[in-house]
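Topology and contacts: notes
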Amino acid sequence: MKQLKTLLIAAVAFFGTTQAMNAQAKVAHVDVSELMQKMPAMLDAQKQLEKLSATYDTEYKTMVDEFQAKVQKYEREATLPTTTEAINQERSKEVQDMQKRIVDYRDNAQKELQKKESDLVKPIMDKIKASITKVGKAKGFQYVLNAADLLVADGPNITADVKKDLGF
């Protein structure tokens with residue numbers, strides 16, 4: 001009985017202390033997506049990615065057009081009496097190889113775009129995170145949460161302060 005009483009007192013003390021700590025914690029929120037969308041460095045990065053993507057798209061389209069033209073030519077010539085079975089098999093292999101090169105090119109282009117995006121965005125995110133930390137500490141907040149992850153964002157919003165710190 002005495003152990004139960006001690007356990008009950010310890011539980012009440014623990015929950016009371018937890019509630020007191022939660023009441024004292026200073027929490028703010030910031031809209032990281034807004035910072036990302038409006039940050040000049042991010043806008044430059046998006047332009048670079050769009051330009052690189054357009055280059056890959058153009059080259060991909062050229063490869064597909066060449067592939068389609070070759071397939072149509074081979075289909076027309078396949079029924080001619082001068083075209084042998086060996087020639088048709090060789091052309092079929094050539095078409096399959098072209099198709100594989102196109103798929104490989106598309107896959108490599110996607111990987112390179114993702115890597116380029118990561119290379120461009122990581123330093124920007126690091127800069128934003130450092131600014132959020134700096135502003136949060138300067139304003140005395142113990143926690144700064146991303147507004148996108150919150151169901152209710154009723155507390156202080158430091159997005160404008162972070163924008164000012166970042167220079168935009």
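Anything mentioned here points back to the structure above.
The structure contained in this document is the topic of the report that follows. (Residues numbered from 1 in each chain as written. Predicted model: local features only at pLDDT ≥ 70, side-chain atom pairs only at ≥ 80, totals over all residues. Heavy atoms only, no water.)

Looking now at the packing of helix α4 (residues 85-138) against helix α5 (residues 159-166). Viewed as axis vectors pointing N to C, α4 and α5 meet at an angle of 115°, and their least axial separation amounts to 9 Å. Our pair here, α4 against α5, has a crossing hand that is right-handed. Between α4 and α5, the contacting residues are K127, I128, S131, I132, K134 and V135 on the first element and D161, V162, D165 and L166 on the second. Counted by class, the contact of α4 with α5 contains 5 nonpolar, 1 polar and 4 charged residues. (Axes fitted to C-alpha atoms, helices over the stretch in contact; angles between N-to-C directions. Helix = DSSP H or I, 4+ residues; strand = E, 2+ residues; numbered from the N terminus. Left-handed = near helix turned anticlockwise from the far one by under 90°. Contact = heavy atoms within 4.5 Å. Nonpolar A, V, L, I, M, F, W, Y, C, P; charged D, E, K, R; others polar.)

Another aspect to go through is the pattern of salt bridges. This model, assessed by the stated rule, comprises 12 salt bridges. D97 is paired through a salt bridge with K93; the nearest N and O atoms lie 3.3 Å apart. Highlighted residues: D97 and K93, both in helix α4, separated by 4 residues, approximately one helical turn. One salt bridge in this structure joins D126 and K122, with 3.0 Å as the shortest N-O distance. Of this pair, D126 and K122 both sit in helix α4, 4 residues apart, which is roughly one turn of the helix. Take D126: its relative accessible area is 40%, and that puts it in the partly exposed class. Within this structure, E34, K38 and K163 form a network of salt bridges that share partners. (Salt bridge = Lys/Arg side-chain N within 4 Å of Asp/Glu carboxyl O. Buried < 20%, exposed > 50% of the residue type's maximum accessible area, 1.4 Å probe, protein only.)

Okay, the packing of helix α3 (residues 40-78) against α4 next. Packing of α3 against α4 brings their axes to within 10 Å, and their N-to-C directions diverge by 175°. With respect to α4, the axis of α3 lies roughly antiparallel. Along the lines of polarity and charge, the residues of the contact of α3 with α4 split into 22 nonpolar, 5 polar and 11 charged. (Parallel < 35°, antiparallel > 145°, perpendicular 65-115°, else oblique.)

Let us look at the nonpolar core. The biggest cluster of nonpolar side chains holds 19 residues, and the ones touching the most others in it are V30, M36, I124, I128, I132, I158 and V162. Those elements that provide at least two residues to this core are β1 (27-30), α2 (32-38), α3, α4 and α5. Ignoring sequence-local partners within four residues, the contact set of M36 consists of M42, V121, I124, M125 and I128. Core analysis: the next-biggest nonpolar cluster, separate from the first, contains 5 residues, F67, V95, M98 and I102 among them. (Core = buried A, V, L, I, M, F, W, Y, C linked by side-chain atoms within 4.5 Å.)

The quantities given are spatial measurements derived from coordinates; they are silent on function.
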